[in-house]
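One-letter residues, chain by chain:
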Amino acid sequence: MKAAKLDSRLAIAVGIREGEKQLLQQIDDIFKEKELELAELEYYQERRLKDLGLCGENGDILGDLGKFF
């Protein structure tokens, strides 16, 4: 009887472990997708500098501001 109880607990533990593994894999896939999108994102600071005419379209700092970055 004790062996049967141990086997059922082991089966539950294996099932939980498999579920955790799948969840972590999904999270990893989400982060990989977000990482690929980073190059396309325009950050607020870049957009603001462009609006003020202090940053070029490529993100290069114009004028004397370059010495601060």
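Remember, it's a predicted structure, so these values are computed and weren't measured experimentally. (Residues numbered from 1 in each chain as written. Predicted model: local features only at pLDDT ≥ 70, side-chain atom pairs only at ≥ 80, totals over all residues. Heavy atoms only, no water.)

Colleague: Which residues make up the overall build of the protein, and what values go with them?
Modeller: On a plain count of helices and strands, the protein comes out with 2 helices and 0 strands. Taking all 69 residues of the protein together, the buried fraction comes to 3%. Accessible surface computed for the protein: about 6600 Å², of which carbon and sulfur atoms make up 59%. (Helix = DSSP H or I, 4+ residues; strand = E, 2+ residues; numbered from the N terminus. Buried < 20%, exposed > 50% of the residue type's maximum accessible area, 1.4 Å probe, protein only. Areas by Shrake-Rupley, 256 points an atom, 1.4 Å probe, with all protein chains shown as cover.)

Colleague: Describe the pattern of salt bridges, with residues and values.
Modeller: In this structure the tally under the stated criterion is 2 salt bridges. Put simply, Lys32 and Asp28 hold a salt bridge, and the shortest N to O gap is 3.3 Å. Taken together, the residues span about one helical turn, with Lys32 and Asp28 both in helix 1 (residues 2-37) at a distance of 4 residues. (Salt bridge = Lys/Arg side-chain N within 4 Å of Asp/Glu carboxyl O.)

Colleague: Which residues make up the environment of Gln45, and what values do they have?
Modeller: Turning to its location among the elements, Gln45 is positioned in helix 2 (residues 44-51). Accessibility expressed as a relative area gives 52% for Gln45, which makes it exposed.

Colleague: I'd like a rundown of a nonpolar patch on the surface, residues and numbers included.
Modeller: Residues Leu23, Leu24, Ile27 and Phe31 make up a contiguous nonpolar surface patch of roughly 420 Å² in combined accessible area. Within the element layout of this structure, Phe31 appears in helix 1. Of the residues examined, Phe31 reaches a relative accessible area of 58% and is grouped as exposed. (Patch = residues over 30% accessible without salt bridge, like charges linked within 9 Å, V, L, I, M, F, W, Y side chains within 5 Å.)

These figures capture arrangement, not role.
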